[in-house]
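# A structural walkthrough
Read off the chains here:
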Amino acid sequence: CLNCNPFFKEGSHERMLYAYACGALPLTSDNLWVREEFIDGTDIILYQHDALDKVEVKLQPFLENENKRRTAVNLGKEKVLKKHT
């Protein structure tokens, strides 16, 4: 689930949290708040607007391995249910 929030420097949009509820792994723009709440490459995929050429490399392991993607979604979903509902 692509989530782009270039205007949020220390926060996010609820659609990133909804992604987990729908069983999707968010690919979202990087910021301080997201880094405090989630772990890049473990339960979320972060990208930099000035490094879009690196997105495919970060995303590919999750597209190639459904178990890895599901594990990441479940980890993120646990955090959302515990802290963001």
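So, here is what we can say about the structure in this document.

Along the chain, Asp43 falls in the loop between α2 (32-37) and β3 (45-47). A relative accessible area of 1% means that Asp43 is categorised as buried. Sequence-wise, Asp43 and Val73 are 30 residues apart; in three dimensions their C-alpha atoms are separated by 6.1 Å. Apart from the residues within four sequence positions on either side, Asp43 is in contact with Tyr20, Leu25, Phe38, Ala72, Leu75, Gly76 and Lys79.

Tracing the sequence through the fold places Glu56 in helix α3 (residues 55-64). Sequence spacing of Glu56 and Trp33 is 23 residues, and the spatial spacing of their C-alpha atoms is 23 Å.

A few words on the packing of α3 against helix α4 (residues 66-83). The N-to-C vectors of α3 and α4 enclose an angle of 105°; their axes lie 5 Å apart at closest approach. Compared by their axis directions, α3 and α4 come out roughly perpendicular. Across from Pro61, Phe62 and Glu64 in α3, the residues of α4 making contact are Glu66, Lys68, Arg69 and Ala72. Grouping the amino acids of the contact of α3 with α4 by side-chain chemistry returns three nonpolar, no polar and four charged.

Procedures and definitions
- Residues numbered from 1 in each chain as written.
- Predicted model: local features only at pLDDT ≥ 70, side-chain atom pairs only at ≥ 80, totals over all residues.
- Heavy atoms only, no water.
- Helix = DSSP H or I, 4+ residues; strand = E, 2+ residues; numbered from the N terminus.
- Buried < 20%, exposed > 50% of the residue type's maximum accessible area, 1.4 Å probe, protein only.
- Contact = heavy atoms within 4.5 Å.
- Axes fitted to C-alpha atoms, helices over the stretch in contact; angles between N-to-C directions.
- Parallel < 35°, antiparallel > 145°, perpendicular 65-115°, else oblique.
- Nonpolar A, V, L, I, M, F, W, Y, C, P; charged D, E, K, R; others polar.

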